[in-house]
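# Structural overview
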Amino acid sequence: MDDPAAPALAPAPQPSGSAATVGNSLVSFTSDVSPTHATELQYAVGFAQLHAVQTGGFDPLKDPLDYFKYVQNMLTNIGFVGQGYAFSDFSLATQTVELDQVVLQVLGGLLTADALAIAESAVKALEDSADSGGAPWTIFSSHSQSTNQGTFSLGTANETNGQVTLQLSAFQMTGAEETDKFLWASYSSTSLSIQYADTTLTLNDNLWNSPGVGDTVTSQMQALSAGYIAGLPPLKPA
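Just so you know, these numbers come straight off a predicted model, no measurement behind them.

## Notes on the nonpolar core
Ranked by size, the top nonpolar core spans 35 residues in total, and within it Phe29, Leu75, Ile78, Phe80, Tyr85 and Val217 carry the most contacts. Listed by contribution, the elements that provide at least two residues to this core are β2 (17-22), β3 (25-30), α1 (35-54), α2 (64-76), β9 (163-176), β11 (193-203) and α7 (214-230). When sequence neighbours within four positions are dropped, the list of residues in contact with Ile78 reads Ala44, Phe47, Trp208, Val213 and Val217.

## A closer look at the pattern of salt bridges
A complete count under the given rule lists 3 salt bridges for this structure. For Glu127, the salt bridge goes to Lys181, with nearest N and O atoms at 3.9 Å. Residue Glu127 is found in helix α4 (residues 113-132), and its partner Lys181 is found in the loop between β9 and β10 (186-188); the two are separated by 54 residues along the sequence. For the salt bridge of Asp131 with Lys181, the shortest nitrogen-to-oxygen distance reads 2.4 Å. Here Asp131 is found in helix α4, whereas its partner Lys181 is found in the loop between β9 and β10, with 50 residues between them in sequence. Among the residues examined, Asp131 registers a relative accessible area of 52% and is labelled exposed. Owing to a relative accessible area of 25%, Lys181 belongs among the partly exposed residues under this scheme. A cluster of three or more residues bridged by salt bridges with shared partners is formed by Glu127, Asp131 and Lys181.

## Things to note about the environment of Leu107
Tracing the sequence through the fold places Leu107 in helix α3 (residues 99-108). Given the relative accessible area of 1%, Leu107 is considered buried. Taking the C-alpha atoms as reference, Leu107 lies 9.2 Å from Asp198; in sequence the two are 91 residues apart. In this structure Leu107 touches Leu116, Ala119, Leu154 and Ser169, once residues within four positions along its chain are discounted.

Analysis parameters
Residues numbered from 1 in each chain as written. Predicted model: local features only at pLDDT ≥ 70, side-chain atom pairs only at ≥ 80, totals over all residues. Heavy atoms only, no water. Core = buried A, V, L, I, M, F, W, Y, C linked by side-chain atoms within 4.5 Å. Buried < 20%, exposed > 50% of the residue type's maximum accessible area, 1.4 Å probe, protein only. Helix = DSSP H or I, 4+ residues; strand = E, 2+ residues; numbered from the N terminus. Contact = heavy atoms within 4.5 Å. Salt bridge = Lys/Arg side-chain N within 4 Å of Asp/Glu carboxyl O.

Set out below in structure tokens:
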């Protein structure tokens, strides 16, 4: 995760939501989330992920549980209120397992029907990106998998009367062979282990908007993106 965890927009889920990949996270937004808050959430998640690696020294694939705990702790220090992660084993009840179905089963116990539909659309949009080799899947998969391991999270944001909540679920798996589309591959349950955790984070606008918090996160993330772009060769005229 040396490159900036700048948001990469996935195809917009229909009919009333949107989604973005931020590092190893897929974050979906209901239509009630304002564009300003959606941008702030993307910057905050990317900022927390980068600090988990650069400051905390946690490799999400080698030390996923501490990595996720660091991300969650960082978010609670830059404007969010919520409880820490508590990981537990996912019980595999069938002989074969597809990770996207595991993810949606977990989310189904946490989200409203409308929010779950948007999360499902976001996962489908990510699959379409994987089929086409698009940037959202390229970014997500490069930060989420290595040989026999996968580490990723899915978030669903909603806004009610100006208050923004982010339901963030983290997943860690071992025993799965690396594939181009690891979320949709079939695995034997006897060789796969999955741990998951979830937390609900509420954005404290007063804290985020206080001097040196949200503005600093935004400027640092924008500077990272600008630095990355500056290092690219110039585009040739059409």
